[in-house]
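Survey of secondary and tertiary structure
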Amino acid sequence: YDPDRDVDYKNQVRVEKDILGKYAVRAHLDGVGILWAAPPGLQDRRGELRVLEVKAFGDKLWKMFKANKTDVELTWFPNYQWQVSVQMHATGLPMLFIVGHKGSDGKVFEVEYIEIDTPPVSWGKIVAKVLGVEKAVGVGILDSVPECHNPLDYPCPYYKFHEIVESVQVGEI
């Protein structure tokens, strides 16, 4: 349970990958899927497991997703690059990144997906980032919240430090 977000994660599997026996990176999985009934041409993939990451995007992010759907490294959305990479490294599985297009009523009316076979961010880069943050915290460099490029860009990794902006509607983000 995350009291800052009032979100209960107990229905999601938490995975963790050790870093040097001292640190760890963690992720909550939306699920793990299995290719059960393979259509012609995919029968050799029957039984294949994939981490499932499921998102629901409003118009702005949906257009961004559609325009970049062939970019399996997710360079168009760096925060998701890191998220799916941690999930993939921690499980050792490829990813099925599923995106729903939601209307202004909040209901999803269209769904597409991309298969990501290789983590977009290498394990070495993840380890380097964790060790860099730990070092900065240890010497007191990170004594304040890092700046965001665009505070209203979802999902900002520092969302809980932002002041609520009432003029922004849920469907706009």
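Each remark here, short or long, concerns the structure printed above.
Residues numbered from 1 in each chain as written. Predicted model: local features only at pLDDT ≥ 70, side-chain atom pairs only at ≥ 80, totals over all residues. Heavy atoms only, no water.

With seven of eight residues buried, strand β5 (residues 95-102) is to be regarded as a mostly interior element. Judged from the seven bridges that link them, strand β4 (residues 49-57) and β5 form a sheet pairing that is parallel. Bridging from a neighbouring strand, E53 pairs with F97 of β5. Note that β5 and strand β6 (residues 108-116) share eight bridges and pair antiparallel. Directly across from H101, in β6, lies its bridge partner E110. Hairpin remark: β5 followed by β6, antiparallel, with five residues in the connecting loop; positive phi at G106, about 85°. (Buried < 20%, exposed > 50% of the residue type's maximum accessible area, 1.4 Å probe, protein only. Helix = DSSP H or I, 4+ residues; strand = E, 2+ residues; numbered from the N terminus. Pairing = 2+ DSSP bridges.)

Each full turn of the α-helix corresponds to 3.6 residues, which orients residues three or four apart in the same direction. The end-to-end C-alpha distance of helix α2 (residues 78-91), which contains 14 residues, comes to 20 Å, matching closely the 20 Å that a straight helix rising 1.5 Å per residue would cover. Every buried residue of α2 is accounted for by Y80, Q81, V84, S85, V86, Q87, M88 and H89. After α2 finishes, the residue G92 shows a positive phi value of roughly 75°. (Expected span 1.5 Å × (residues − 1).)

Here E53 lies in strand β4. Looking at E53, its side chain comes within polar contact range of the side chain of Q83, at 3.0 Å. Apart from residues no more than four positions distant in its own chain, E53 is found in contact with D30, Q83, V84, Q87, M95, L96, F97 and I98. (Polar contact = N/O pair within 3.5 Å; in protein donor to acceptor, adjacent residues only side chain to side chain. Contact = heavy atoms within 4.5 Å.)

This paragraph deals with the sheet that holds strand β3 (residues 31-34). Ordered in space as β3-β4-β5-β6, the four strands form an open sheet in which the pairing is mixed. Strands at the two margins of the open sheet, each flanked by one partner only, are β3 and β6. Neighbour to neighbour, the strand axes of the sheet diverge by 35° on average, direction disregarded. Each of β4, β5 and β6 is contacted by helix α1 (residues 59-67), which is oriented at about 135° to β5, the strand it contacts most. (Axes fitted to C-alpha atoms, helices over the stretch in contact; angles between N-to-C directions.)

The next point concerns the packing of aromatic side chains. The geometry of an aromatic ring pair is captured by two quantities: the separation of the ring centres and the angle between the planes. One pass over the structure, following the stated rule, counts eight aromatic pairs. On the basis of an interplanar angle of 40° and a centroid distance of 6.4 Å, the ring pair of F57 and F77 is categorised as tilted. Of this pair, F57 sits in strand β4 while F77 sits in the loop between α1 and α2, and the two are 20 residues apart along the sequence. You'll find F57 and F77 in the same group, each marked buried. Each ring, one from W62 and one from F65, has its centre 5.6 Å from the other, and the planes form 40°; the classification is tilted. Of this pair, W62 and F65 are both found in helix α1, three residues apart, which corresponds to roughly one turn of the helix. Judged by relative accessible area, which is 5%, W62 ranks as buried. Residue classification places F65 among the buried residues on the basis of a relative accessible area of 0%. Three or more aromatic residues joined by ring pairs make a cluster, and in this case those are F57, W62, F65, W76, F77, Y80 and F97. (Phe/Tyr/Trp six-rings, centres within 6.5 Å; stacked < 30°, edge-to-face > 60°.)

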